Amino acid sequence: MFVLELTYTAPLEAVDAVLEAHVVWLDGQYERGVFLASGRKNPRDGGVIIAVAGDRARIEEITAGDPFVTAGVCAYRVTEFVATKTAPALEAYRETL
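In this numbering scheme, every chain counts its residues from 1 along its sequence in written order. At least 70 in pLDDT is required for a residue's local features to be given in this predicted model, at least 80 for side-chain atom pairs to be given and counted, and no such filter applies to totals for whole chains, interfaces and linings, which use all residues. Where side-chain values are given, they derive from all heavy atoms of the structure, hydrogens and water being excluded.

A.B. asks: In this structure, what is going on with the nonpolar core? I would like to understand it.
C.D. replies: Side chains of a nonpolar character, in soluble globular proteins, are inclined to be buried together. What we call a nonpolar core is a set of buried Ala, Val, Leu, Ile, Met, Phe, Trp, Tyr and Cys residues that are connected through their side-chain atoms within 4.5 Å. For every residue, the accessible area (1.4 Å probe, protein chains only) is compared with the maximum for its type, and the residue is labelled buried under 20%, exposed over 50%, or partly exposed between those bounds. Counting 19 residues, the largest nonpolar core has L4, F35, I49, A51 and F68 as the members making the most contacts within it. The set of elements that each furnish at least two residues to this core consists of β1 (2-8), α1 (12-31), β3 (46-51), α2 (56-64) and β4 (74-80). Not counting residues within four places of it along the chain, the set of residues in contact with L4 comprises F35, G47, V48, I49, A51, I59, T63, Y76, R77 and V78. Strands here mean DSSP runs of E at least two residues long; helices mean DSSP runs of H or I at least four residues long; both are numbered from the N terminus. Only heavy atoms enter the contact rule, under which two residues are in contact if any of them lie within 4.5 Å.

Dropping the structure here:
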């Protein structure tokens, strides 16, 4: 499992100009079963996504396609972790060491 932290690298006006394309991209990742949760940080200086994928290389490939990245308005920090405990709704994503 991965925690993807987005940090805006441009003014919010530039981020908002790409927001609609970013949301369409997010929807596609949800449809593919890659993203489990996402949202804005508070204060609004980026966002957070919880994701699942086969490996870090695949996650990095996916994030490189984010319209925020291609427009140069955000940078990603990718943290991989082993989800050994989950809420019942996320049991299918539970991992063992």
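There's plenty left to go through after this.
A.B. asks: How should the sheet that holds β4 be read in this particular structure?
C.D. replies: Two strands in a sheet stick together by hydrogen bonds in their backbones, pointing the same way (parallel) or opposite ways (antiparallel). Ordered by their spatial adjacency, 4 strands build an open sheet running β2-β3-β1-β4, and the pairing between neighbours is antiparallel. Looking at strand neighbours, the two that pair on one side only are β2 (35-40) and β4, the edges of this open sheet. Sheet twist, expressed as the average angle between the axes of neighbouring strands with direction ignored, equals 15°. Two strands qualify as a pair provided that DSSP identifies no fewer than 2 bridges between them. Judged from the 7 bridges that link them, β1 and β4 form a sheet pairing that is antiparallel. Between N-to-C directions, angles cover 0 to 180 degrees, with each direction set by a line fitted to C-alpha atoms, over the stretch in contact for helices.

A.B. asks: Just to check I follow, could you spell out the packing of aromatic side chains for this structure?
C.D. replies: Here the distance between the centres and the angle between the planes together describe a pair of aromatic rings. Stacked, edge-to-face and tilted labels apply to pairs of Phe, Tyr and Trp rings (six-membered ring for Trp) whose centres lie within 6.5 Å, assigned for plane angles under 30 degrees, over 60, and everything in between, in that order. Overall, the coordinates contain 3 aromatic pairs when judged by the stated rule. Both rings, one in W25 and one in F35, keep their centres 5.4 Å apart while their planes meet at 70°; by these two values the pair is edge-to-face. Linking W25 in helix α1 with F35 in strand β2, this pair joins segments that are 10 residues apart in sequence. A centroid spacing of 6.0 Å and a plane angle of 85° characterise the contact between Y30 and F35, whose relative ring orientation is edge-to-face. A network of ring pairs unites the aromatic residues W25, Y30 and F35 as a single cluster.

A.B. asks: What's the story with the layout of surface pockets in this structure? I'm lost.
C.D. replies: Vacant regions in the atomic arrangement are exposed by a probe of water-molecule size rolled over the atoms. Only protein atoms enter the 1 Å grid used here. Points where a 1.4 Å probe fits but cannot escape make up a cavity, open sets with protein on both sides within 12 Å along at least five of seven lines make up a pocket, and a residue lines them when an atom lies within 4 Å of a point. Grid points are joined across faces, edges and corners, and a volume is the space filled by probe spheres set on the points. Space inside the largest pocket adds up to approximately 160 Å³. Along the walls of the largest pocket sit 14 residues, with Y8, H22, L26, G39 and R40 positioned nearest its centre. At the level of secondary structure, the elements contributing two or more residues to the lining of the largest pocket comprise β1, α1, β2 and β3.

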